[in-house]
Amino acid sequence: MADKKTKRDEGVLTQERPKTKKPPMYKVLIHNDDYTPMEFVVAVLMQIFRHDEVTSTQVMLHVHRSGIGVAGVYPYEVAETKVAQTLNAAKNHEYPLQCSCEIE
């Protein structure tokens, strides 16, 4: 009886993982109005968006001069949370400050 050897692959079976896409990022925008005090906008930028005082002041002045400005760029859930926090803070202080988000 002849020795029959079965051919078999000696390598390691690997399966390529699909590359995961980075989630889309969203800009959180602050809109200028004629009633919300500049100090309040700076405070919101420091407390909610965690900017330092200098950056917060720069963003606030940009919003004041341009009518709109970017407070930060985040994944969707974070952006929506920051918009809600900003609108709640404005409502609690009875200011008409508006905030929104859009895809980057």
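For the structure itself, look to the data block above.
What you are looking at is a predicted structure, and each value in this text was computed from that prediction instead of being measured.

A.B. asks: Quick rundown of the packing of aromatic side chains? Include the residues and the values.
C.D. replies: Within a pair of aromatic rings, the relevant descriptors are the distance that separates the centres and the angle that separates the planes. Applying the stated criterion across every chain yields a total of three aromatic pairs. Look at Phe40 and Tyr95: their rings are 4.9 Å apart centre to centre, the planes differ by 55 degrees, and that puts the pair in the tilted class. Taken as a pair, Phe40 in helix α1 (residues 38-47) and Tyr95 in the loop between α3 (76-92) and β3 (98-103) lie far apart in primary sequence, 55 residues in all. Ring plane angle 35 degrees and centroid distance 6.4 Å describe the contact between Phe49 and Tyr74, whose orientation is recorded as tilted. With Phe49 in the loop between α1 and α2 (53-66) and Tyr74 in strand β2 (residues 68-75), this pair connects stretches of sequence that are 25 residues apart. Phe49 gets classed as buried once you look at its relative accessible area, which sits at 4%. By relative accessible area, Tyr74 is classed as buried at 15%. In this structure, Lys82 is placed above the aromatic ring of Tyr74, and the distance from its NZ or CZ to the ring centre is 5.3 Å.

A.B. asks: Which residues make up unusual backbone geometry, and what values do they have?
C.D. replies: Even without being a glycine, Arg50 presents a positive backbone phi close to 60 degrees. You can see Arg50 is positioned in the loop between α1 and α2. In this structure, Glu94 is a non-glycine residue whose phi angle is positive, near 60 degrees. Note that Glu94 resides in the loop between α3 and β3.

Criteria and cut-off values
- Residues numbered from 1 in each chain as written.
- Predicted model: local features only at pLDDT ≥ 70, side-chain atom pairs only at ≥ 80, totals over all residues.
- Heavy atoms only, no water.
- Phe/Tyr/Trp six-rings, centres within 6.5 Å; stacked < 30°, edge-to-face > 60°.
- Helix = DSSP H or I, 4+ residues; strand = E, 2+ residues; numbered from the N terminus.
- Buried < 20%, exposed > 50% of the residue type's maximum accessible area, 1.4 Å probe, protein only.
- Lys NZ or Arg CZ within 6 Å of the ring centre and 35° of its normal.

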